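What follows is each chain in one-letter form.
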Amino acid sequence: MKKVLKPILLTFILLAALTGVAAFFLLDKGGVTDEFAERIKTEQSDQNEDRAYRYDTDKKATALLLSGEEKNVLNFSSQNAYNVAVSKAARERLDRVIKRMDATLENPIIALNPFGTNENTFYFYFETTYRGMIRYTITVADEQISDHVRYVNNGQENNLSRVHEFTVGGLIPGMKNYILIEVLDSAGAMRESHLYKYDVPKSTAPVKIGVQKGKSKEQAENGLFFLLPQRDKNIYTYDNAGILRNVVMTESGHGKRIYQSANSVLYQVSDTKVARVSALGQVTGTVTISGYGPIRDFSYDGYDNVYALVTKNKRDYLLAASFQTGKAKVVYTFPKNVSAGSLTAPKAGSIYISTQNPSGLIKLEAITGKSPKVSFALGNKKAWKKTSLKKKVKGDKTVSRYNMSQATLYLQDSKSDGTNDTMTAYVREGGKGVFVIFTIDGKKKAAEEVENLPVNYAGAGSGESFGEHMILSALGAGTYEEYDGEGKVTSQFSFGAPLTAMTKLTLNAMCFYGG
């Protein structure tokens, strides 16, 4: 590993810290103490030894019942879940119930997966006479399984509100789960609480996957691993202890990307359809790309457009599809002898695309205008000699060194003017996988490698930065590791089946608060 690893990670840490400070003052306005913030982080790590389960937990808990005279849970259909109109109708039904009921913590509105997108999740709504924040805890009798604790992000000042609407996730399939709902004050002291229990149906996915502690002294960063297995249409979410915490259902396929963008997540639900889903699980938009083959990769501009790489008649295209209009248009048609591989999220009207053949990297500019164009391409000039882009190619040792054909790009940081960008990619060198962080100087049209981490993955792999750490996966083997800033493994996980892709998300500021 290169010695420049520490400086670049320190840069990322500083940027993250500054972002965190800004968010703290903008959103919380000094609402939590450092001690409380650290407590939130520890509790939401899924690696905390404290447990809420007690000998009398089962006796005290109210059963969540979907039928019978004592039914206390609303049932919704999960058919056509990724139809925006169906999802909107479910929201309207909830709103009608909210209007009729005087919902309190003791008598809340509860619905099982009302939008049909997240299996074994419960929607809660109630109001309190004072402003508070919600913490929920999922605990089970098995003392080997850590509690799943989350502070609900309600979007209000200091995360305090009288209205509480949220989704409880993290229930473990095939077990009796206990859900502790607590209302806390601004200092984190509990004001009141209620305890529920629910027998969760079994899942076809493993409830616990193999986990081995690495040589790092650090714990895994807070967040959830999203696994997209081969030959399985659903997306499975595992915590830092390797426990299955959610099943994201799709229509027929999950593609190879899942993004968090502000208060939404985006993922494919079929080969040709991308959905945007809210923190509650409501489908707020879909785009379908027809007339081409399957979506090979996609990204999102954070506003309205999904950008997708597709192929038609052996020609590659970059399309933009609008959530608002539902229409898709061609942004760029790749030359006949250039095949695209992966793309970044767009920034400042430009987007980066890795190429499989010839191996390299393209920067496409003015993608929202009438005439998008290739600003430059980086790679081996000789390899690009027979392409129509040969005059745009800058011979670049950094990009030429690696085989970019299997690269999955992630844009880590970008200046607002688009002149300097930092991105990560999992690439090949000498038949082995390498995780690379590099910067691109848009003015000099040159790349500079700032860190690489070789890994012994013989087959397909993926890699990305996550906070101060790095997440790498041997996709074919169904294993993944989280590395610390020194390149040491914090934990290694084994799903036991081949993966198409995997990523880690915090869902902070969307579903969860702090940590």
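### Digging into the nonpolar core
Across soluble globular proteins, you tend to see nonpolar side chains buried next to one another.
Line of reasoning, step 1. Residues Y82, F122, F166, V168, I179, I181 and Y267 are the most contacted members of the largest nonpolar core, which totals 54 residues.
Line of reasoning, step 2. When residues in this core are grouped by element, the largest group, nine residues, is from strand β4 (residues 122–139).
Line of reasoning, step 3. Within the second largest apolar cluster, 20 residues are counted, among which are Y307, A340, I351 and L364.

### Comments concerning the confidence of the model for the chain
Line of reasoning, step 1. When pLDDT is averaged across the chain, the result is 91; 93% of the residues are at 70 or more.
Line of reasoning, step 2. Per-residue pLDDT stays below 50 along residues 1–29; that stretch engages in 39 contacts with residues further than four places along the chain or on separate chains.

### Let's talk about unusual backbone geometry
Line of reasoning, step 1. That bond from N357 to P358 is cis: its omega, -5°, falls within 30 degrees of zero.
Line of reasoning, step 2. By the secondary structure assignment, P358 is in the loop between β22 (351–357) and β23 (360–365).
Line of reasoning, step 3. Positive phi, close to 55°, is recorded for N80, a residue that is not glycine.
Line of reasoning, step 4. On the secondary structure map, N80 appears in the loop between β1 (62–63) and α4 (84–100).
Line of reasoning, step 5. Here K314, not a glycine, exhibits a phi torsion of approximately 65°, which is positive.

### Examining empty space enclosed by the protein
Line of reasoning, step 1. Counting across every chain of the model gives five cavities of 30 Å³ or more.
Line of reasoning, step 2. Quantified by volume, the largest cavity comes out at close to 340 Å³.
Line of reasoning, step 3. In terms of lining, the largest cavity is formed by 26 residues, of which the most central are N118, N246, A279, L507 and C511.
Line of reasoning, step 4. Residue assignment for the lining of the largest cavity shows that the elements contributing at least two residues are β6 (161–168), β10 (224–229), β12 (244–248), β14 (264–268) and β15 (273–278).
Line of reasoning, step 5. Sort the elements by how many residues they give to the lining of the largest cavity and β12 lands first, with three residues.
Line of reasoning, step 6. Of the residues in the lining of the largest cavity, the class split is 15 nonpolar, 10 polar and one charged.

### Here we look at the pairing of strand β33 (residues 489–494)
Line of reasoning, step 1. Of the strand pairs in this sheet, strand β9 (residues 210–213) and β33 are connected by four bridges, and their pairing is antiparallel. Looking across to β33, one finds that G210 is bridged to S494.
Line of reasoning, step 2. Here strand β32 (residues 479–483) pairs with β33 via five bridges, running antiparallel. Note on β33: the bridge partner recorded for E482 is S491.
Line of reasoning, step 3. In textbook terms, the turn of a hairpin is the stretch between consecutive antiparallel strands, and for β32 and β33 this stretch comprises five residues, one of which, G487, has a positive phi near 80°.

### What about the sheet that holds strand β16 (residues 283–288)?
Picture the strands of a sheet paired through backbone hydrogen bonds; they go either parallel or antiparallel.
Line of reasoning, step 1. Sheet architecture is open: four strands sit in the order β13-β14-β15-β16, paired in antiparallel fashion. Every interior strand has two partners, whereas the edge strands, β13 (258–261) and β16, have only one. Neighbouring strand axes in the sheet, compared pairwise and without regard to direction, differ in orientation by 20° on average.

### Some points on the layout of surface pockets
Line of reasoning, step 1. Here the second largest pocket defines a volume of roughly 430 Å³.
Line of reasoning, step 2. Every residue lining the second largest pocket is counted, 24 residues in all, and those nearest its centre are N153, N154, E165, A279 and L280.
Line of reasoning, step 3. Secondary-structure elements contributing two or more residues to the lining of the second largest pocket are β4 and β6.
Line of reasoning, step 4. The dominant element in the lining of the second largest pocket, judged by the number of residues it contributes, is β6, at six residues.
Line of reasoning, step 5. Per-class residue counts for the lining of the second largest pocket are 12 nonpolar, 10 polar and two charged.

### Re the sheet that holds β22
Line of reasoning, step 1. The strand order across the open sheet formed by five strands is β21-β22-β23-β24-β25, and the pairing between neighbours is mixed. In this open sheet, the two strands that pair with only one neighbour each are β21 (339–343) and β25 (393–395). Looking at each pair of strands side by side, their axes are set apart by 30° on average, direction ignored.
Line of reasoning, step 2. Pairing geometry for β22 and β23, over five bridges, is antiparallel. Bridging across to β23, S354 finds its partner in L361.

### Quick word on the pattern of salt bridges
Line of reasoning, step 1. Going through the model one piece at a time under the given rule, you end up with 17 salt bridges.
Line of reasoning, step 2. Residue E182 pairs with R135 through a salt bridge whose shortest N-O separation is 2.8 Å. Separated by 47 residues along the polypeptide, E182 in strand β7 (residues 176–184) and R135 in strand β4 bring together distant segments of the chain.
Line of reasoning, step 3. Ionic pairing is found between E429 and R401, a salt bridge with its closest N-O pair at 2.8 Å. Linking E429 in strand β27 (residues 420–429) with R401 in the loop between α5 (397–400) and β26 (410–414), this pair joins segments that are 28 residues apart in sequence.

### Section: a positive patch on the surface
Line of reasoning, step 1. Taken together, the side chains of K382, K385, K390 and K391 make up a positively charged region of the molecular surface.
Line of reasoning, step 2. Looking at where K382 falls in the secondary structure, it is placed in the loop between β24 (373–379) and β25.

### A short note on α4
Along an α-helix, residues three or four positions apart point the same way, because every turn accommodates 3.6 residues.
Line of reasoning, step 1. With 17 residues, α4 extends 25 Å from end C-alpha to end C-alpha; this agrees with the ideal 24 Å at 1.5 Å per step.
Line of reasoning, step 2. Along α4, the residues classified as buried are S87, A90, R91, L94, V97 and I98. Viewed end-on, α4 has its buried residues packed into an arc of 120°, placing them on one side of the element. Relative to its buried face, α4 has exposed residues pointing more than 90 degrees away, namely A85, K99 and R100.
Line of reasoning, step 3. N-cap assignment for α4: the residue whose side-chain oxygen lies 2.8 Å from the backbone N of A85 is N83.

### Topic: the side chain of T237
Line of reasoning, step 1. In this fold, T237 is placed in strand β11 (residues 235–238).
Line of reasoning, step 2. T237 has contacts with L224, F225, F226, I243, L244, R245, N246 and V248, leaving out every residue within four places of it along the chain.

### Some remarks on helix α2 (residues 34–43)
Line of reasoning, step 1. Listing the buried residues of α2 in full gives F36, I40 and E43. Here the buried residues of α2 occupy an arc of 75° about the axis, which is enough to place them on one side. Every exposed residue of α2 that faces more than 90 degrees away from the buried side is listed here: D34 and E35.
Line of reasoning, step 2. Looking at the packing, one finds that the buried side of α2 touches β4 and β5 (148–151).

### Some thoughts on the packing of aromatic side chains
Line of reasoning, step 1. Applying the stated criterion to the full structure yields 17 aromatic pairs.
Line of reasoning, step 2. Measuring from ring centre to ring centre gives 5.6 Å for F124 and F166, while their planes differ by 5°; the resulting arrangement is stacked. Of this pair, F124 sits in strand β4 while F166 sits in strand β6, and the two are 42 residues apart along the sequence. As far as the burial class goes, F124 and F166 line up, both buried.
Line of reasoning, step 3. Seen in terms of ring centroids, Y332 and F334 are 5.0 Å apart; in terms of plane orientation they differ by 85°. Their pairing is edge-to-face. An identical accessibility class is assigned to Y332 and F334; each is buried.
Line of reasoning, step 4. An aromatic cluster is built from F124, F126, Y136, F166 and Y196, whose rings are joined through pairwise contacts.
Line of reasoning, step 5. Over the face of the ring belonging to Y130 we find R191, whose NZ or CZ atom lies 3.8 Å from the ring centre.

Thresholds applied
Every chain is numbered independently, its residues counted from 1 as its sequence is written. Local features in a predicted model are, by the rule used here, given only for residues with pLDDT of at least 70; side-chain atom pairs are given and counted only at 80 or more, and totals for whole chains, interfaces and linings are based on all residues. Remark: hydrogens and water are excluded; side-chain values derive from all non-hydrogen atoms of the structure. What we call a nonpolar core is a set of buried Ala, Val, Leu, Ile, Met, Phe, Trp, Tyr and Cys residues that are connected through their side-chain atoms within 4.5 Å. For every residue, the accessible area (1.4 Å probe, protein chains only) is compared with the maximum for its type, and the residue is labelled buried under 20%, exposed over 50%, or partly exposed between those bounds. Secondary structure is summarised from DSSP: a helix means a run of H or I of at least four residues, a strand means a run of E of at least two, and numbering begins at the N terminus for each. The pLDDT value tells you how sure the predictor is about a given residue, anywhere from 0 up to 100. Here, two residues are considered to be in contact whenever any of their heavy atoms come within 4.5 Å of each other. Here the term cavity refers to a set of points on a 1 Å grid, laid over the protein atoms alone, in which a 1.4 Å probe fits but cannot get out; the term pocket refers to an open set having protein on both sides within 12 Å along at least five of seven lines, with lining residues being those that place an atom within 4 Å of a point. Grid points are joined across faces, edges and corners, and a volume is the space filled by probe spheres set on the points. Asp, Glu, Lys and Arg are counted as charged, while Ala, Val, Leu, Ile, Met, Phe, Trp, Tyr, Cys and Pro are counted as nonpolar; the rest, among them Gly, fall into the polar class. When DSSP finds two or more bridges between two strands, those strands count as paired. Helix axes use the C-alpha atoms of the stretch in contact, all axes being lines fitted to C-alpha atoms, and the angles between their N-to-C directions lie in the range 0 to 180 degrees. Each reported salt bridge corresponds to a side-chain nitrogen of Lys or Arg within 4 Å of a carboxyl oxygen of Asp or Glu. Grouping into patches uses exposed residues only, defined as over 30% relative accessible area, and leaves out salt-bridged ones; the cut-off is 9 Å for like charges and 5 Å for nonpolar side chains (Val, Leu, Ile, Met, Phe, Trp, Tyr). Where accessible areas are quoted, they stem from the Shrake-Rupley method and a 1.4 Å probe; at the residue level, only the protein chains shown are allowed to cover. Residues scored as charged are limited to Lys and Arg (positive) and Asp and Glu (negative), so that His and the chain ends carry no count. To locate a charge, the coordinates of NZ of Lys, CZ of Arg, CG of Asp or CD of Glu are taken. Take the number of residues in a helix, subtract one, and multiply by 1.5 Å to get its expected span. To obtain the arc, one takes the directions from the helix axis to the C-beta atoms. Definition of a polar contact: a pair of N or O atoms within 3.5 Å, with one able to donate and the other able to accept a hydrogen when the atoms are protein atoms, and with sequence-neighbouring residues admitted only if both atoms are side-chain atoms. Aromatic rings from Phe, Tyr and Trp, with only the six-membered ring used for Trp, were paired whenever their centres fell within 6.5 Å, and each pair was classed as stacked if the ring planes differed by under 30 degrees, edge-to-face if by over 60, and tilted otherwise. In this scheme, Lys NZ or Arg CZ marks a charge over a ring once it lies within 6 Å of the ring centre and within 35 degrees of the ring normal.

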